[in-house]
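Notes for the structure review
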Amino acid sequence: MVRLSCFVANGIWTNRIFYDKFTAYNWEEQFKVDTWNSSLSCCKDGSIPLYYRANSVENNNNFLNLNVDNENLTFSSSISSKRDDILYGSFRVSAKVPQEEGTNFGFFLFGSLVDEIDIEVLSRDPSTIRTMTQPSIRNFEKLNSTNSRGIMNIKTDEFVEYRFDWFTDKVEFYINDRNYHSLVNNVPSKPGKIILTHRSNGNPLWSMGPPLGKRTVEIKYIDLYFNTTFGESCKGENEPES
């Protein structure tokens, strides 16, 4: 099911995109599959190039699967919103990550290298949620730009809702609707797009791997509330279609 409507959440956001059944590639109305390769000269410390391909994204029993496929090459998967004018909002995804080491699930807002919000989950340690705003690794004096710590009392082999709320002065992160962390430095101020990715480049300090065979992140739903630079406003009913 998809709902695309002018829906006010808490009187703040004027747009909503919602998918909770991924059938017949209906999600491609609002998202596109990303296909690109990193440079062969990209990699250090045992890493390998990233290859994103369309065939590694698939529908399966109403879920959206983002696969890492280790064949002759290691193929990763990524989708991004067709809208790249998103400016502030509340963004949620329910996902189940693999339990074997070797891959990295990412849920991003990306506008530029200095306008980015990240939630990242490494399959080797799925109970530790890594949250950050960029350029956290470039501004070492901005100590509050990144956070990594474990979450208690969640079952990582089940679906988990990852969420971030982006305001003008802060980003708030939630796990299963529980406030996890807030960041106030390097808060993006430029519009961007939403990206979901599942990847492996063999980096021994990050994703590790690559894994043998296929690893899958299952997406149960994507729920995005947001404003845009276009300045759209709600007209008519404030409830989404059922």
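To be clear, the structure that these remarks concern was listed above.
First, a word on scope: everything that follows refers to the structure included in this document. (Residues numbered from 1 in each chain as written. Predicted model: local features only at pLDDT ≥ 70, side-chain atom pairs only at ≥ 80, totals over all residues. Heavy atoms only, no water.)

**Re the pattern of salt bridges**
So the rule is basically this: A carboxyl oxygen of Asp or Glu within 4 Å of a side-chain nitrogen of Lys or Arg is what we treat as a salt bridge. Helix numbers and strand numbers start at the N terminus; a helix is a DSSP run of H or I with at least 4 residues, a strand a run of E with at least 2. The cut-offs for exposure are 20% and 50% of the maximum accessible area for each residue type, with area from a 1.4 Å probe on protein chains only; residues under the lower value are buried, those over the upper are exposed, and the others partly exposed.
Tallying each qualifying case throughout the model produces eleven salt bridges. One salt bridge in this structure joins R53 and D69, with 3.4 Å as the shortest N-O distance. With R53 in the loop between strand 4 (51-52) and strand 5 (57-60) and D69 in strand 6 (residues 63-70), the pair connects residues that are 16 residues apart, well separated along the chain. Note on accessibility: R53 and D69 belong to one class, buried. In the salt-bridge network here, residues are joined through shared partners; they are R163, D165 and D177.

**What to know about the pairing of strand 8 (residues 86-96)**
Going by this rule: Pairs of strands are assigned from DSSP output, requiring at least two bridges between the strands.
Summarising burial for strand 8: ten of the eleven residues are buried, a large majority. Here strand 8 pairs with strand 17 (residues 213-228) via nine bridges, running antiparallel. Directly across from S94, in strand 17, lies its bridge partner Y221.

**What to know about the environment of G106**
For clarity, the cut-off: Two residues form a contact once any of their heavy atoms are found within 4.5 Å.
In this structure, G106 sits in strand 9 (residues 104-112). You can call G106 buried: its relative accessible area is 0%. Expressed as a C-alpha distance, the spacing of G106 and L122, which sit 16 residues apart in the sequence, is 8.8 Å. Setting aside its immediate chain neighbours within four residues, G106 contacts I119, E120, I195, L196 and T197.

**Here's the deal with the nonpolar core**
We apply this condition: Nine residue types can take part in a nonpolar core, namely buried Ala, Val, Leu, Ile, Met, Phe, Trp, Tyr and Cys, and a core is a set of them joined through side-chain atoms within 4.5 Å.
If you look at the biggest cluster of nonpolar residues, it comprises 44 residues, and the most contacted ones within it are I79, F105, F107, Y162, F164, W166 and I219. Discounting chain neighbours no more than four positions away, the residues touching I219 are F22, F63, L64, L66, V93, S94, A95, F105, F159 and L196.

**Some details on the packing of aromatic side chains**
To be explicit about the condition: Aromatic rings from Phe, Tyr and Trp, with only the six-membered ring used for Trp, were paired whenever their centres fell within 6.5 Å, and each pair was classed as stacked if the ring planes differed by under 30 degrees, edge-to-face if by over 60, and tilted otherwise. We count a charge as sitting over a ring when the NZ of a lysine or the CZ of an arginine lies within 6 Å of the ring centre and within 35 degrees of the ring normal.
Per the stated rule, a full pass over the model turns up twelve aromatic pairs. Between W13 and F167 the ring centres are 5.9 Å apart and the planes differ by 35 degrees, which places this aromatic pair in the tilted class. Placement of the pair is W13 in the loop between strand 1 (2-5) and strand 2 (15-19) and F167 in the loop between strand 13 (160-166) and strand 14 (171-175), with a sequence separation of 154 residues. By relative accessible area, which is 23% here, F167 ends up partly exposed. Between the NZ or CZ atom of K170 and the centre of the ring of F167, over which it lies, the distance is 5.7 Å.

**A closer look at the environment of P126**
Looking at the element boundaries, P126 is found in the loop between strand 10 (115-122) and strand 11 (128-134). Sequence separation between P126 and N104 is 22 residues, and the spatial gap between their C-alpha atoms is 9.3 Å. Contacts of P126, omitting those with residues within four sequence positions, involve V97, Q99, V121 and T156.

That is the geometry; function is a separate question.
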